[in-house]
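Descriptive analysis of the structure
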Amino acid sequence: MRYNFDLAESNQDASGQSPTPKGVEWVPLQEHPIFAAATGGFVDGEAAATGFPTNLVAWDGASRLYYWDSNNRCLRRISIRLGEREPTCVLAASPSKVLLADMQIDFLINKISINRNGSALLLSGLDGLCVMYLYGRSTTTDNTIVCRTITVGSRIFFNEPNVIHILQVSWHPYSDTHLGILSSDSAFRLFDLSSDLQQPEQEYYLQPVEPGRSRSAASMRPVDFSFGGDHLWDRFTVFLLFGDGSIYILCPIVPFGSVHKWESVMEIFGDAHTYGRQSGNPTAVLNYSLAISWLEATFPDLNNETIEEENLSTIKARPFALLDSSLCLQGPLHQVCHGGEDELLAAQTTQCEGHAVSFLYNSVSKDSVLVTAWSSGQLQIDALADEIQPVWTSGNLPHLHVASSHRILGFAMICESVSGDLPVVKLDKPVDNTVWLGYPPPLLRLAIVDLALPRTKKSGSHIAMFVDPLVPERFYSVHDGGIDSIILHFLPFTSKPIGKDSSIRTPSVHPVLSTCQAENSLLSPLCGFVTLFDSFGYSWIIGVTSSQECVVLEMKTWNLLLPHQVDVEKKLPSSDECKERSTPEIISKELLSGPKVVLAPQALPNLRSVSADSIEGRSTLHQYFKLFHENYVEYAHKVYFELKHHGPHLKRIIDDLNTRLHEAQEKLLKVEKKQSGLDARVDHAIHQQSLIEQRLQRLRNLPGAHKRPLTKAERDFKSELDQFSGVELDALRTSIDTLKARLRRYTQSSKGEVTNQTRKIRGRNYAQETQISQLKSSLEKLALVNRENTKKVQFIESALKAEEHSR
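Cut-off values and rules
- Residues numbered from 1 in each chain as written.
- Predicted model: local features only at pLDDT ≥ 70, side-chain atom pairs only at ≥ 80, totals over all residues.
- Heavy atoms only, no water.
- UniProt positions renumbered as here; feature names shortened; annotations may be inferred.
- Helix = DSSP H or I, 4+ residues; strand = E, 2+ residues; numbered from the N terminus.
- Buried < 20%, exposed > 50% of the residue type's maximum accessible area, 1.4 Å probe, protein only.
- Pairing = 2+ DSSP bridges.
- Axes fitted to C-alpha atoms, helices over the stretch in contact; angles between N-to-C directions.
- Salt bridge = Lys/Arg side-chain N within 4 Å of Asp/Glu carboxyl O.
- Phe/Tyr/Trp six-rings, centres within 6.5 Å; stacked < 30°, edge-to-face > 60°.
- Core = buried A, V, L, I, M, F, W, Y, C linked by side-chain atoms within 4.5 Å.
- Patch = residues over 30% accessible without salt bridge, like charges linked within 9 Å, V, L, I, M, F, W, Y side chains within 5 Å.
- Areas by Shrake-Rupley, 256 points an atom, 1.4 Å probe, with all protein chains shown as cover.
- Lys, Arg positive; Asp, Glu negative; His and termini not counted.
- Charge placed at Lys NZ, Arg CZ, Asp CG, Glu CD.
- Contact = heavy atoms within 4.5 Å.
- Polar contact = N/O pair within 3.5 Å; in protein donor to acceptor, adjacent residues only side chain to side chain.

As recorded by an unreviewed UniProt entry, the protein carries the name Nuclear pore complex protein and is attributed to Erythroxylum novogranatense. Listed under Subcellular location (unreviewed entry) in UniProt, the entry text for the protein is "Nucleus, Nuclear pore complex".

Shown next, in the form of structure tokens:
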């Protein structure tokens, strides 16, 4: 029996036990009044229209489930018990707690996320970002708690509407107070909620394109990011995904004051010393020395000989940044190449359609798996073929924010990619030629999974991905059509070596939940998704639909990765044997065969003349009674005992068969009722098919039906137009809005500085006039660029309209 009590909602009695509080009823989660009382209306319709995936459910990892009620603009806290009554059951306490913010939340929320220790909840949307601290103060109203709520980064992101949007926000996995935010101005920021809510602790401005070189707008538009896992330098790495599917990495990034495992940091420190000293390349020596300096300054306890390693389990990061170097934006990551120009070209080209929409990092033992989701419904699964190493760009000075005590409070830096084309790492190249040279790690392509999603929208599908908490080789993809489970059966460094005759198993895809019940499916059928698990190895999927219905699914976790082996040489059983094995053994065969044959004692020739009162007669009768008792009476006792023992079992079987018979009869009645409707639908479908065939025949007779197919140049031009219509125009509009916002802020700050300086020093405004003239020229150039971009956009739109009319 498993117990999972909510200590905040239960009171202990005098005996020390924790009974259920008065007035609290435990019901199945899917039957909770919050979900059972749904009126059928759709929540977050505006959030679904924006095209961003919505997740309004979070779990603290113990006994509390949080759900954002969009209709009532409040947070619901539900106490749950996992696996009680039945292993497949999830119980919830009714009524639930209502958590209210102590400030007005006037923006639409499309995502909630809880931090590592379960003390704060993130509420994010397109027009706002706030954090609610869950341990608030109670009110006079029953089951209502008012929680302290704060806003984050309002001066940067929400100062003016529709200028700088938040693309992705996530809690840092090694800190309870740090938030990572990726915004539309191609910047990654790290906020520390314990120090400053408006000024980021660390700012990284991403420059993936080398200055002076032109690339597509999708390659400069960030889409998603993910923090690394507990594997060497991965724990200090941030993975960045851009619109064209290219993946970049920033390493090292560590929050100030974050706590890490001593063993993990010592492993990185020892690995750097081991492989860094072996290289004689000056570039490798420089990168190695910078990495060692960063480690020793960030973790000063590494060189403290007075600290005993056995007694130290964690180590704390100190604020530090190199004064003469900035982080290098490593990438884009290319596929590993075996050799040959054809494979080299294939490694640098993408094989998926559309544009990238989301990204997932997953650490499985010794492997780092990267999954990229595309708008066409495809998943690109790669694994890092080499270890990540930090790389800095010398001469690019960061901007530091230093306190009066010479302690670093924050910094900002511009992260540029390495100039020039980096060589693609080949498998046959030794490790000494690539270690600490600043080359980004190559990718090993594992598979491309096509989810076969219906393409009902021009913008494509929006896919969110989550890792299974119990089976790291499995992850879930949540999309407009439901939930799919993808299991990786092969990993390059984790899987056991296989022989030449064995084949590598491809990932398996299993549909878990389908929400497409009609042709016109909703834009966001699922508005909440979370995975639950307990210490006994059971896991559940909790999904909340847009109609405010809850779905609870138990997931199997055992023997998922074992290959299915079939022995061909083994003789298959016959049909009689199968029937015999499938028949349950209710009564033993010994009883069914009857009592043993009674062997009568050897009769004397003169037995008939012997009387029963004589000694010979009594001896013969006694022997007959003894044989009868040993066979028939004991057999009767066995029959009585076994029938009594199997009586309840037979009753359960009969009740089960009666229940199945009743269900089958009900299904037959339903089928009979629907038969007439099915016949009418079949006749209607046949009639419609004949009409469509007639219409198709008339269309074939039209003069324009015999057009020649497009040439290769026309197909290439059409693909370019589709790329512009899907990604480039949105990226250009976002870039123009961002530039306008920066220019507006710069003009306002310049006017303020000019006014203050003219008040202090009159007559000495030559420098200000020079700045104003330079600003006017910059405005004129920017206006010229905007006009040119507008003409290009109009030309592209006219070409698209002409292409549509030509169809």
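Next, the rest of the story.
This part takes up the overall build of the protein. The number of helices and strands found in the protein is 11 helices and 36 strands. Here the protein holds 807 residues, and 41% of them are scored as buried.

In spatial order, the strands read S34-S35-S36; together these three strands make up an open sheet with antiparallel pairing. Each edge of the open sheet carries a strand with a single partner, namely strand S34 (526-533) and strand S36 (550-555). With strand direction ignored, the average angle separating the axes of adjacent strands in the sheet is 15°. Sheet topology places S34 next to strand S35 (residues 539-545); seven bridges connect them, and they run antiparallel. Across the sheet, glycine 528 pairs through a bridge with valine 544, a residue of S35.

Looking now at the pattern of salt bridges. Following the criterion strictly, the structure yields nine salt bridges and no others. Between arginine 189 and aspartate 185 there is a salt bridge, with the nearest N and O atoms lying 3.0 Å from each other. Overall, arginine 189 belongs to the buried group, its relative accessible area being 3%. We note a salt bridge from arginine 189 to glutamate 203, for which the minimum N-O separation is 3.1 Å.

Let us now look at the packing of aromatic side chains. Across all of its chains, the model carries 21 aromatic pairs by this definition. Judged by centre distance (5.4 Å) and plane angle (90°), the rings of phenylalanine 225 and phenylalanine 227 are edge-to-face. For the pair formed by phenylalanine 225 and phenylalanine 227, the shared burial category is buried. Here the aromatic residues Phe188, Tyr204, Phe225, Phe227, Phe256 and Phe411 are joined through ring pairs into a cluster of three or more.

In this section: the sheet that holds strand S31 (residues 474-479). What holds strands together in a sheet is hydrogen bonding between their backbones, with the strands either parallel or antiparallel. On the basis of which strands lie adjacent, the open sheet formed by four strands has the order S30-S31-S32-S33 and antiparallel pairing. Every interior strand has two partners, whereas the edge strands, strand S30 (464-467) and strand S33 (508-514), have only one. The sheet shows a mean angle of 25° between the axes of neighbouring strands, direction not considered. Taken together, the four bridges between S30 and S31 define a ladder with antiparallel strand orientation. Bridge pairing in S31 links methionine 465 to serine 477.

Relative to strand S16 (residues 202-207), strand S15 (residues 187-192) runs antiparallel, the two being bridged by four bridges. Across the sheet, the residue bridging to phenylalanine 188 is tyrosine 204, located in S16. Pairing between S16 and strand S28 (residues 408-416): six bridges, direction parallel. When the sheet's bridge partners are listed, tyrosine 204 is paired in S28 with methionine 413.

This brings us to the nonpolar core. In this structure, Phe188, Tyr204, Trp233, Leu240, Leu250, Phe299 and Leu370 are the most contacted members of the largest nonpolar core, which totals 59 residues. Membership of the second largest hydrophobic core comes to 38 residues, among which are Ile34, Leu65, Tyr66 and Ile80.

A separate point is unusual backbone geometry. Note that the residue after serine 94, namely proline 95, is joined by a cis bond; omega there is 5°. For proline 95, the position within the fold is in the loop between strand S5 (90-94) and strand S6 (97-101). Between cysteine 251 and proline 252 the backbone carries a cis peptide bond, its omega angle lying at 5°. Summarising the element assignment, proline 252 is placed in the loop between strand S19 (247-250) and strand S20 (259-261). A positive phi is found at arginine 73, a non-glycine position, where the angle reads about 55°. Considering the arrangement of structural elements, one finds arginine 73 in the loop between strand S3 (64-69) and strand S4 (74-82). Not every positive phi belongs to a glycine, and alanine 452 is a case in point at roughly 55°. Its place among the elements puts alanine 452 in the loop between strand S29 (443-450) and S30.

Before going further, it helps to examine a negative patch on the surface. A cluster of acidic side chains, namely Glu263, Glu267, Asp386 and Glu387, defines a negative patch on the protein surface. Among the secondary structure elements, glutamate 263 is positioned in helix H4 (residues 262-276). Note on glutamate 263: relative accessible area 66%, which makes it exposed.

This brings us to the environment of leucine 743. Note that leucine 743 resides in helix H10 (residues 712-760). As a C-alpha pair, leucine 743 and leucine 782 span 39 residues in sequence and 9.7 Å in three-dimensional space. Excluding residues within four positions of it along the chain, leucine 743 makes contact with Leu775, Leu779 and Leu782.

With that settled, consider a positive patch on the surface. Taken together, Lys667, Lys670, Lys673 and Lys674 make up a surface patch of like positive charges. With respect to the secondary-structure elements, lysine 667 resides in helix H9 (residues 615-700). On the basis of relative accessibility, which here comes to 57%, the residue lysine 667 falls in the exposed class.

A word on the side chain of arginine 76. Along the polypeptide, arginine 76 turns up in strand S4. A relative accessible area of 16% places arginine 76 in the buried class. When neighbours within four sequence positions are excluded, arginine 76 is seen to be in contact with Ile34, Leu65, Tyr66, Tyr67, Asp69, Ser96, Lys97 and Val98.

What follows concerns the side chain of serine 258. The residue serine 258 is located in the loop between S19 and S20 in this model. By relative accessible area, which is 2% here, serine 258 ends up buried. A polar contact is formed between the side chain of serine 258 and the backbone oxygen of proline 255, at a distance of 2.9 Å. Setting aside residues up to four positions removed in sequence, serine 258 forms contacts with Tyr174, Ser175, Ile315, Lys316 and Ala317.

Residues Leu323, Leu400 and Val402 make up a contiguous nonpolar surface patch of about 270 Å² in total accessible area. Within the element layout of this structure, leucine 323 appears in the loop between strand S21 (314-316) and strand S22 (325-327). When its relative accessible area of 62% is taken as the criterion, leucine 323 is described as exposed.

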